[in-house]
Amino acid sequence: MENIIEKTVELDRLDLAMNLFGNYDENIYIIEDAFDVKLISRHNEIKITGSPENVEKAQQVINKLVSIAEQGDTITKQNVRYFVDMANENQLEQINGFGDYICVTARGKQIKSKTQGQSMYVDAIRNNPIVFGIGPAGTGKTFLAVAMAATAFKNKEVNRIVITRPAVEAGEKLGFLPGDLQNKVDPYLRPLYDALYEIMGAETYQKYLEKNMIEVAPLAYMRGRTLDESFIILDEAQNTTPEQMKMFLTRIGFGSRAVVTGDITQIDLPGDKKSGLKEVIKILKDIKGIEFIHLTDKDVVRHELVQKIIKAYEKYENFREQDRNRR
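Residues numbered from 1 in each chain as written. Predicted model: local features only at pLDDT ≥ 70, side-chain atom pairs only at ≥ 80, totals over all residues. Heavy atoms only, no water.

1. Some points on the overall build of the chain
Line of reasoning, step 1. Counting secondary structure elements, the chain contains eleven helices and eleven strands.
Line of reasoning, step 2. Expressed as a percentage of its 327 residues, the buried residues of the chain come to 46%.
Line of reasoning, step 3. Here the contacts in the chain between residues at least 6 apart in sequence split such that 69% fall between residues at least 24 apart.
Line of reasoning, step 4. Summing over all exposed atoms, the chain offers an accessible surface of approximately 18,000 Å²; the carbon and sulfur share of this is 49%. (Helix = DSSP H or I, 4+ residues; strand = E, 2+ residues; numbered from the N terminus. Buried < 20%, exposed > 50% of the residue type's maximum accessible area, 1.4 Å probe, protein only. Contact = heavy atoms within 4.5 Å. Areas by Shrake-Rupley, 256 points an atom, 1.4 Å probe, with all protein chains shown as cover.)

2. Topic: the sheet that holds strand β10 (residues 257–262)
Line of reasoning, step 1. Read across the open sheet, the six strands follow the order β8-β7-β9-β10-β6-β11; overall the sheet is parallel. Strands at the two margins of the open sheet, each flanked by one partner only, are β8 (214–218) and β11 (290–294). Each strand of the sheet is rotated relative to its neighbour by a mean of 15°, with strand direction disregarded.
Line of reasoning, step 2. When strand β6 (residues 130–134) meets β10, the two strands line up parallel, connected through five bridges. Following the sheet pairing, Gly133 is matched in β10 by Thr261. (Pairing = 2+ DSSP bridges. Axes fitted to C-alpha atoms, helices over the stretch in contact; angles between N-to-C directions.)

3. A short note on unusual backbone geometry
Line of reasoning, step 1. Residue Tyr24 is not a glycine yet carries a positive backbone phi of 55°.
Line of reasoning, step 2. On the accessibility criterion, Tyr24 (78% relative accessible area) is exposed.

Written out as structure tokens, the structure reads:
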């Protein structure tokens, strides 16, 4: 018969317990299902019952969640699932804490990192002139970069924000779209506009745009320029060619910082074209002042199904690769 033990977690305040449990105890159910334990709350105590190993993991998760609640943050199902995953991989103790405050949006919402990977990404941007954020969709690569750019601009660390991306998806169809080149590529820049709107507010964004202190433009507009005292973001960098990547990186002038984001599993270039992002990882990996942060499915902060979709595609691609190698 399996050994069953009971441990107790004491909370300083009743509101911490309410935050921890979530709506209709949804957070507790996640922990119970993940570790096959029973959680019972009485007053300011939570009793955990189950096998020694599972009780230990559940207690570690609860302690980490309480530390979030003590900072005044609302615990979400995403927080719970993230800590559960880390506990199952025996990596929970490596998390020294995240939730780095970055800025406040125009609506008053605080922007913070939500995973250890995001925390490392934000820290790298603070401490390096050039950072590459590489990872799947939903990991917050672009949004956090824009938030850091807006913060640097507000603090007068830079005089301008420049955000760019290649319009590879448009291909030769650009000529069939109405308007000038800017109008044609605007749909491909929309995610960048949306991030700036949310963080700065539409009016503030428009004001700085008219003063040429914010620029959102296709990568083709970067050629031949030198960008001094600017915070520069290259988004969707997996769709740059090696020549375009070199061109972009050599635009960076004095007092500037750059963040390059991309997902090497979603390359839209024609089959005969190499990805500049995949190549630059090999070329610049040992240069001081340039840091590569690799985010994973654990850092996905969208709907939980996004994480499952990413894992399923990774499993499928690994199977295909193994099958090709057998042949």
